[in-house]
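Residue-level listing of the chains:
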Amino acid sequence: MSSIDRSQSAGGTRTYEVRTYGCQMNVHDSERLSGLLEDAGYVRAPEGSDGEADVVVFNTCAVRENADNKLYGNLGHLAPKKASRPGMQIAVGGCLAQKDRDTIVKRAPWVDVVFGTHNIGKLPVLLERARVQEEAQVEIAESLEAFPSTLPTRRESAYAAWVSISVGCNNTCTFCIVPALRGKEKDRRPGDILAEIEALVAEGVSEITLLGQNVNAYGSDIGDREAFSKLLRACGKIDGLERVRFTSPHPRDFTDDVIAAMAETPNVMPQLHMPLQSGSDPVLKAMRRSYRQERFLGIIEKVRAAIPHAAISTDIIVGFPGETEEDFQQTLHVVREARFAQAFTFQYSKRPGTPAAEMDGQIPKKVVQERYERLVALQEEISWEENKKQVGRTLELMVAEGEGRKDDTTHRLSGRAPDNRLVHFTKPEQEVRPGDIVTVEVTYAAPHHLLAEGPVLDVRRTRAGDAWEKRTAEKAAKPAGVLLGLPKVGVPEPLPAVTGGCAVD
């Protein structure tokens, strides 16, 4: 019997840990990976186990600067633990695995499994094969084998969920490597999406976020240019579905029918995450972004006309190759005009394999840093001013779980407004559960959150709160996660906490 076999026999149920890097697609994929492992009999390791699990899975991102160095640093940290614990296995998946393939096991030969973005469903099989054959298994599919929503899922939330409507991307942004790793856009059938949402609502979910690498391009694969707006309207007809969000759209595909659907469908929330990337037309052209400043601001104007209280957030890259001070000033101009509620700002970093990495005019780090700081300062000022406009408003909040880091010490709870602003509110005497709805009056604004310091005006207990309560009781009885029957889903971090799609990819 091998050392691995002995470990399994002695240790009983094997534990797992999934470490996630990158965008919402990876967060969603990690919920699939967790579901697959639990379906195969693994149990999630306790929080804070720090590599003590029997199986550690890295779901990687290839977008960020030094993503590979971070991965190999973490793998190196686990090497001595693995050497001292016969039977422990390490798997690497995601975009970096899709890109680097055999390089991973050459640089970290203690890795047991490498799998790509298209075959996450193979993880349990690959782990077992590595155990039996006692050698690393590298399997990278070149195209999608099965739509992720057909796979088991371990959802962290009983009241909110991701619903993937497409995978892949047809754009060719020069700073982005993701389309090369996740492939061309592939759309799900509308009926399958709606069936999944209806199943979620039946389980108690009251908020869903439609997810796609370029979510509003939905329909290009099935030949219907209005498919996304039709999907939004169809969501409005699902009884019990209280909130619908989506991320991340692309300005190129943001049409008037989508704006109309947002405005006319009550459960589609007044929130929009619209990646700008740059306000300069020459830089947008170099980025191969198929819109210009006038088009972008025109979309913002139309959204605000149709949905006056909409909160709009964005992504901006500073220091793209060739960006001049005048180009940067154009970005600041758009920020002032658009008055984003929030902006995710990034300093450009080279990604091997992208056209931008080979462009002339790479900007010195010192210049990029100085521009970045000016942009952040401007956006902080605007975010605060926009939040101050919320003072005095009465808002319905969906109570959130784990969003207020200081809630225990301040005796507050936290929730999300319809426009996705985070609001901390005074804890009422009546029991309030995540997923329930409370009505509050905003009394104070900070740049990144609001306060409702007065008494809660109303509490509405919901089926989502019931589902959270049931999930919590089951977890206490058996801490093995939540596995639902097909169709399966994941849970989003409340947006725009995580960016993705063509936001930074």
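What you see is a predicted model; the values in this text were computed from it and never measured.

The rules behind each value
- Residues numbered from 1 in each chain as written.
- Predicted model: local features only at pLDDT ≥ 70, side-chain atom pairs only at ≥ 80, totals over all residues.
- Heavy atoms only, no water.
- Helix = DSSP H or I, 4+ residues; strand = E, 2+ residues; numbered from the N terminus.
- Contact = heavy atoms within 4.5 Å.
- Buried < 20%, exposed > 50% of the residue type's maximum accessible area, 1.4 Å probe, protein only.
- Pairing = 2+ DSSP bridges.
- pLDDT = per-residue confidence, 0-100.
- Expected span 1.5 Å × (residues − 1).
- Arc of directions from axis to C-beta.
- Phe/Tyr/Trp six-rings, centres within 6.5 Å; stacked < 30°, edge-to-face > 60°.
- Lys NZ or Arg CZ within 6 Å of the ring centre and 35° of its normal.

1. Description of the overall build of the protein chain
Here is step 1 of the chain: Secondary structure summary: the protein chain contains 16 helices and 21 strands in total.
Here is step 2 of the chain: Within the protein chain, contacts between residues at least 6 apart in sequence are counted, and of these 76% link residues at least 24 apart.

2. Concerning the pairing of strand β17 (residues 422–426)
Here is step 1 of the chain: With four of its five residues buried, β17 lies for the most part within the structure.
Here is step 2 of the chain: Judged from the five bridges that link them, strand β16 (residues 412–416) and β17 form a sheet pairing that is antiparallel. Bridge pairing links R416 to L422 in β17.
Here is step 3 of the chain: Linking β16 back to β17 in an antiparallel pair, the connection comprises five residues, with N420 at a positive phi of about 80°.

3. Some thoughts on the sheet that holds strand β3 (residues 55–60)
Here is step 1 of the chain: Taking strand neighbours across the sheet as the criterion, the six strands line up as β2-β1-β3-β4-β5-β6 in an open arrangement whose pairing is parallel. Because the sheet does not close on itself, it has two edges, and the strands there are β2 (43–44) and β6 (137–139).

4. Overview of the environment of G121
Here is step 1 of the chain: Within the secondary structure, G121 sits in the loop between β5 (113–115) and α6 (123–133).
Here is step 2 of the chain: Taking C-alpha positions, G121 is 8.1 Å from R32, a pair spaced 89 residues apart along the chain.

5. Here we look at the confidence of the model for the protein chain
Here is step 1 of the chain: Residue-level pLDDT values for the protein chain average 87, and 89% of them are 70 or greater.
Here is step 2 of the chain: Contacts of residues 1–11 to residues separated by more than four positions or lying in other chains number 11 contacts, the stretch itself having pLDDT below 50.
Here is step 3 of the chain: Confidence drops under pLDDT 50 across residues 479–505; counting only partners more than four residues distant or on other chains, this segment forms 121 contacts.

6. Notes on helix α16 (residues 463–477)
Here is step 1 of the chain: With 15 residues, α16 extends 21 Å between its outermost C-alpha atoms, agreeing within 8% with the 21 Å of an ideal straight helix rising 1.5 Å per residue.
Here is step 2 of the chain: Among the residues making up α16, those that are buried are A464, G465, A467, W468 and R471. Relative to the axis of α16, the buried residues are bounded by an arc of 155° and lie together on one face. Turned more than 90 degrees off the buried face of α16, the exposed positions are K470, A476 and A477.
Here is step 3 of the chain: Structurally, α16 contributes buried residues whose contacts are with α8 (190–203).

7. Some remarks on the packing of aromatic side chains
Here is step 1 of the chain: A complete count under the given rule lists five aromatic pairs for this structure.
Here is step 2 of the chain: Ring geometry for F296 and F340: centres 6.2 Å apart, planes at 65°, overall edge-to-face. Here F296, found in helix α12 (residues 293–306), pairs with F340, found in the loop between α13 (325–338) and β14 (342–347); they are 44 residues apart in sequence, far enough to count as distant.
Here is step 3 of the chain: Given the relative accessible area of 0%, F296 is considered buried.
Here is step 4 of the chain: A relative accessible area of 0% means that F340 is categorised as buried.
Here is step 5 of the chain: Taken together, the ring pairs in this structure connect F175, F320 and Y348 into an aromatic cluster.
Here is step 6 of the chain: When the ring centre of Y72 is taken as origin, the NZ or CZ atom of R107, which lies over that ring, is 3.8 Å away.
Here is step 7 of the chain: The positively charged end of K388 is found above the aromatic ring belonging to W384, 4.5 Å away from the centroid.

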